[in-house]
Amino acid sequence: MTTGKFLSAAILCLVLGTALGDDVLEGNYNVTAFCTAVKTGTNLGSIVSCDYYYVCTSTGPVKTSCTSGYAFSLATGSCTPVGQANCYYGLENPCLGKTGQSWVPVTGTCNQYYYCLDGVNKGQGSCKGTQSFDKISQQCVYGNCNPALVDSSDEPSLQSVCEVVPAGKYFGDTINCQKWNYCQADGTLQTSDCTTAYDVQNNVCGFDTGNVCSRVTETELGTASLECTTKGAMKPNDNVCGSYYVCNGNSLVSYDCAYGYYFDDTKNDCLPRKTATPVTGCNRCQFATTTWVNAVNSTSCGTYYYCNNGKATLQTCQEDYYFNEAQQGCVPTANESAFNTYVSSNGACAGATVNSSPTEANGGSTTAEGGATTAEGGATPAPTTETPEPTTGTTKNPNA
Ligand SMILES: *[C@@H]1O[C@H](CO)[C@@H](O)[C@H](O)[C@H]1NC(C)=O
Ligand SMILES: *[C@@H]1O[C@H](CO)[C@@H](O)[C@H](O)[C@H]1NC(C)=O
Ligand SMILES: *[C@@H]1O[C@H](CO)[C@@H](O)[C@H](O)[C@H]1NC(C)=O
């Protein structure tokens with residue numbers, strides 16, 4: 001392992017749009033999985049920011065923002081004025097709106113707190129031993145908080161399902177179809193079993209018919225995506241090209257490559273964006289300075305993304321064309337030496353070959369014009385035919 005790695009501070013990077021059809025994940029909190037366990041229409045909290053929440057629709061979570069000055073409240077399951085919301089994720093001043101003296105949690109930890117005096121953050125403290133900080137009673141309480149695990153990462157970390165499911169909402173389980181749960185106002189979980197199956201949509205005990213138990217997977221809610229056993233084992237982040245996980249023996253800890261570097265899945269190392277071959281499907285708009293970028297495609301090099309504020313929309317070049325990031329367009333593979341040069345110097349296309357897609361039978365239909373052509377159809381703007389756009393040189397800072 002070389003330079004170019006530092007512990008993640010940019011936890012927001014873990015929250016990506018659904019443009020790629022990905023699951024919505026916030027660290028070990030799989031929002032998509034939670035949405036299968038609650039009634040459609042339920043709002044779920046975020047553990048990255050109080051500014052937004054997720055509405056569970058029949059097709060999955062939809063990120064929705066509170067208006068300015070409001071934050072998502074688990075007590076009401078909706079946005080309330082910041083000072084009343086009892087939500088502290090991603091707040092610049094966790095003491096905002098508090099009067100007199102109070103203690104508020106340091107999010108992402110189970111045992112740390114800030115001391116607030118009249119809305120001002122006066123300092124940080126920590127509960128002793130394995131005690132955890134309870135934000136409702138504002139006290140250290142007995143618990144099984146493991147500070148060693150918590151302190152090793154800035155990864156958003158769900159400690160309890162009741163951190164995201166609003167109080168009083170009944171929900172199911174993803175391991176056991178019989179089980180039903182709800183969170184009490186004080187954040188404690190209540191659980192019981194139906195005889196056969198818990199029907200989330202109708203909030204009744206019923207039978208395992210239709211989709212009633214379709215939420216059941218082998219993954220426990222809010223825990224399993226980051227479980228691991230082999231210490232030192234590395235794993236790419238499927239969504240974020242510049243992030244990866246290392247197993248500490250119990251759970252995967254997230255790391256970020258240095259700015260402009262991607263985690264190369266085959267070399268298990270961070271390499272410069274252009275040469276790295278990150279995991280297929282990760283968002284190559286990260287660190288991009290152009291509007292259109294190659295998708296990872298090791299067969300034809302023919303897929304690319306339209307980048308809009310970091311969101312990636314997948315597009316495909318027409319047959320016998322590959323996407324050329326430098327030219328910002330789809331280019332004929334007919335010039336084989338140019339294609340091979342491109343493939344060997346651009347990690348996203350490593351392994352791609354000219355003959356990977358069948359050639360059209362009707363010869364002679366190719367147009368004479370060289371250079372980049374527009375990509376076919378699609379709702380989003382496609383690369384222009386004209387001269388390649390000059391790269392701006394100004395690098396966008398995703399943390400800004
Ligand atoms: C998230 O949950 C969905 C739905 O249960 C599941 O298909 C997916 O594999 C989960 N993702 C991770 C990373 O655990
Ligand atoms: C690579 O691009 C081709 C089109 O050129 C597409 O059919 C194929 O699915 C892509 N592969 C991946 C892994 O996206
Ligand atoms: C192929 O591409 C290379 C590099 O872009 C260029 O120098 C060469 O003239 C092209 N050859 C043909 C036949 O277009």
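Owing to the predicted nature of the structure, the values given are computational and were not obtained by experimental measurement. Numbering of residues starts from 1 in each chain and follows the order in which that chain's sequence is written. Written order decides the labels, with chains lettered from A and ligands numbered from 1. Whole-chain, interface and lining totals are the exception, using all residues; otherwise, since this is a predicted model, local features are given only for residues with pLDDT of at least 70 and side-chain atom pairs are given and counted only at 80 or more.

Trainee: Could you give an account of the overall build of the protein, with specific residues and numbers?
Mentor: Secondary structure elements follow DSSP: runs of H or I no shorter than four residues count as helices, runs of E no shorter than two count as strands, and numbering proceeds from the N terminus. Across its full length, the protein holds four helices and 27 strands. Residues classed as buried in the protein amount to 39% of the 400 residues present. At a minimum sequence separation of 6, the contacts of the protein that also span at least 24 residues come to 45%. Whether a residue is buried, exposed or partly exposed follows from its count of other C-beta atoms within 10 Å of its own C-beta, namely 20 or more, 12 or fewer, or something in between, respectively; the C-beta atoms are built from the backbone. Any residue pair is listed as a contact if its two C-beta atoms, each placed from the backbone, are within 7 Å.

Trainee: Mind laying out the sheet that holds strand β23 (residues 292-294), listing which residues take part and the relevant values?
Mentor: Read across the open sheet, the three strands follow the order β23-β24-β25; overall the sheet is antiparallel. Since the sheet does not close on itself, it has two edges, and those belong to β23 and β25 (311-316), each with one partner. With direction set aside, neighbouring strand axes in the sheet form an average angle of 35°. Only strands joined by at least two bridges in the DSSP assignment are considered to pair. Pairing of strand β24 (residues 303-308) with β25, which is carried by six bridges, proceeds in the antiparallel orientation. Across the sheet, the residue bridging to Asn-308 is Lys-311, located in β25. Lines fitted to the C-alpha atoms define the axes, with helices restricted to the stretch that makes contact. Angles between their N-to-C directions range from 0 to 180 degrees.

Trainee: Give a detailed account of the sheet that holds strand β11 (residues 120-126), specifying residues and quantitative values.
Mentor: Read across the sheet, three strands follow the order β9-β10-β11 without closing on themselves; strand pairing throughout is antiparallel. The open sheet has two edge strands with one neighbour each: β9 (101-105) and β11. Sheet twist, expressed as the mean angle between neighbouring strand axes with direction ignored, is 30°. With six bridges joining them, strand β10 (residues 112-117) and β11 adopt antiparallel strand pairing. Paired with Tyr-113 across the strands is Gly-125, a residue of β11.

Trainee: Describe unusual backbone geometry, with residues and values.
Mentor: In this model, Asn-86 sits at a positive phi of 55°, which is unusual for a non-glycine residue. One can find Asn-86 in the loop between α2 (82-85) and β9. For Gln-138, which is not glycine, the phi torsion reads 55° and is therefore positive. Within the element layout of this structure, Gln-138 appears in the loop between β12 (132-134) and β13 (139-141). The exposure class of Gln-138 is partly exposed, given the 14 C-beta atoms found within 10 Å.

Trainee: Explain the environment of Pro-272 to me, using residue names and the numbers behind them.
Mentor: Topologically, Pro-272 is positioned in strand β22 (residues 269-272). Residues Pro-272 and Gly-242, 30 residues apart in the sequence, show an inter-C-alpha distance of 9.8 Å.

Trainee: Give a detailed account of the pairing of β9, specifying residues and quantitative values.
Mentor: Pairing of β9 with β10 involves five bridges; the strand directions are antiparallel. Note on β10: the bridge partner recorded for Ser-102 is Cys-116. Where β9 folds back onto β10 in an antiparallel hairpin, the turn is made up of six residues, including Gly-108, whose phi is positive at roughly 85°.

Trainee: Outline the pairing of strand β15 (residues 189-193), listing residues and values.
Mentor: In terms of burial, β15 is largely open, as just zero of its five residues are buried. Both strand β14 (residues 179-183) and β15 contribute to a ladder of five bridges, which runs antiparallel. Directly across from Cys-183, in β15, lies its bridge partner Leu-189. Here β14 folds back onto β15 in antiparallel fashion, the turn holding five residues, of which Gly-187 has a positive phi close to 90°.

Trainee: Outline the nonpolar core, supporting the account with residue identities and numerical values.
Mentor: The biggest cluster of nonpolar side chains holds 38 residues, and the ones touching the most others in it are Tyr-262, Val-293, Tyr-305, Cys-307 and Tyr-322. Contributions of two or more residues to this core are made by β19 (243-247), β20 (252-257), β21 (261-264), β23, β24, β26 (321-324), β27 (329-332) and α4 (336-345). Mapped onto the domain boundaries, this core takes at least three residues apiece from domain 3 (226-270) and domain 4 (284-360 + 367-400). Ignoring any residue separated from it by four or fewer positions in sequence, one finds Tyr-262 in contact with Cys-241, Gly-242, Cys-257, Cys-270, Leu-271, Arg-273, Ala-276 and Pro-278. Take the buried Ala, Val, Leu, Ile, Met, Phe, Trp, Tyr and Cys residues, join any whose C-beta atoms are within 7 Å, and the set you get is a nonpolar core. With 37 residues, the next largest nonpolar core counts Phe-34, Cys-50, Val-165 and Cys-177 among its residues. Each domain's limits were defined by an automated method or a database of domain assignments.

Trainee: Give me the environment of Gln-138: which residues, what numbers.
Mentor: Separated by 25 residues in the primary sequence, Gln-138 and Tyr-113 have C-alpha atoms spaced 8.8 Å apart. Apart from the residues within four sequence positions on either side, Gln-138 is in contact with Ser-102 and Trp-103.

Trainee: So what's going on with α4? Residues and values would help.
Mentor: Since there are 3.6 residues in each turn of an α-helix, residues three or four apart along the chain are aligned in direction. Residues Phe-339, Tyr-342 and Val-343 constitute the buried set of α4. Along the axis of α4, the buried residues cluster in a sector spanning 95°; they form a single face. α4 presents Ser-337, Thr-341, Ser-344 and Ser-345 as exposed residues on the side facing more than 90 degrees away from its buried surface. Lining the buried residues of α4 we find β26. An arc is given here, and it is the one of the directions from the helix axis to the C-beta atoms.

Trainee: Can you tell me about the environment of Asn-297, naming the residues and giving the values?
Mentor: Here Asn-297 is to be found in the loop between β23 and β24. Residue class for Asn-297 comes out buried when judged on the 21 C-beta atoms lying within 10 Å of it. Between the alpha carbons of Asn-297 and Val-279 there is a distance of 9.7 Å; along the sequence they are 18 residues apart. Discounting chain neighbours no more than four positions away, the residues touching Asn-297 are Gly-302, Thr-303, Ala-348, Cys-349 and Ala-352.

Trainee: So what's going on with the confidence of the model for the protein? Which residues, and what values?
Mentor: Looking at the protein as a whole, the pLDDT averages 80, with 79% of positions reaching at least 70. Ranking the helices and strands of the protein by mean pLDDT puts strand β4 (residues 43-45) first, with 98, and strand β1 (residues 5-7) last, with 36. Segment residues 1-21 is flagged for pLDDT under 50; beyond a separation of four residues in sequence, or across chains, it makes 53 contacts in the model. Predicted confidence for residues 358-400 stays below pLDDT 50, and this span has 50 contacts to residues more than four positions away or in other chains. On a range of 0 to 100, pLDDT expresses the predictor's confidence in each residue.

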